[in-house]
Amino acid sequence: TDLYGFMGISCYDPIGQIDFAIQNGLKCIELRPNCVKADRESLKNAVERWRRSGGENLSIHLPDVAWRDGEVTTKVEYDILVELISALNADRVTQHVPKVSVREIKENSQALDNICRIVGRSIVNANKLKLRESLRKHVTDSAGKIFAGIVNRHYNRYLNLLFHS
């Protein structure tokens, strides 16, 4: 297997590093949360050029979500990034496990439920199932079942909400 075909970069300077990916034949790129500061049309054009050059796997990295003082918190860019999932036809989304302690979850079961409700609804509503179809293409087993890596058992509720809503 040629490992190079699976290599990619995280684009902290989206337009410049997408151009780098094109010049170097990289098939995988990840847009970091700061991509919301780039001109939307320029970003879309850069991604389209990258796809035409052989780019296959675009991931959008969402900002962390947390539970503070009884409220779900995230950065302002969150909703814009969720919109970009569809606008750029992202193949993957990175969403880290919410910043909430196991202790808080044990003491307040609503914390994780509220986080999962907001994150899952935002992503599913924004991409109108396009992401799920892309995931079926990239992360299915031989029986056609979707699989995902789970880095925290408590995140099961989030994944269930995302894939079964």
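You'll find the structure just up there.
Before going into details, it helps to say that this report is about the structure given with it. On a predicted model such as this, the values are computed, not experimentally measured, just so you know. (Residues numbered from 1 in each chain as written. Predicted model: local features only at pLDDT ≥ 70, side-chain atom pairs only at ≥ 80, totals over all residues. Heavy atoms only, no water.)

**Focus on a nonpolar patch on the surface**
A cluster of nonpolar side chains, contributed by Leu3, Tyr4, Phe6 and Met7, occupies part of the molecular surface with about 460 Å² of accessible area. Of note, Phe6 is situated in the segment before strand S1 (8-11). Taking relative accessible area as the criterion, Phe6 reaches 58% and is therefore assigned exposed. (Patch = residues over 30% accessible without salt bridge, like charges linked within 9 Å, V, L, I, M, F, W, Y side chains within 5 Å. Areas by Shrake-Rupley, 256 points an atom, 1.4 Å probe, with all protein chains shown as cover. Salt bridge = Lys/Arg side-chain N within 4 Å of Asp/Glu carboxyl O. Helix = DSSP H or I, 4+ residues; strand = E, 2+ residues; numbered from the N terminus. Buried < 20%, exposed > 50% of the residue type's maximum accessible area, 1.4 Å probe, protein only.)

**Points about the pattern of salt bridges**
Counted under the stated rule, the structure contains seven salt bridges. Arg40 serves as the salt-bridge partner of Glu83, at 3.5 Å between the closest nitrogen and oxygen. Pair noted here: Glu83 is in helix H3 (residues 77-87) and Arg40 is in helix H2 (residues 40-52), with a separation of 43 residues, a long-range link. Glu83 gets classed as partly exposed once you look at its relative accessible area, which sits at 45%. For Glu107, the salt bridge goes to Arg103, with nearest N and O atoms at 3.4 Å. Of this pair, Glu107 and Arg103 both sit in helix H4 (residues 102-107), four residues apart, which is roughly one turn of that helix. Pair check on accessibility: Glu107 and Arg103 agree, each one exposed.

So yeah, pure geometry; function would need other evidence.
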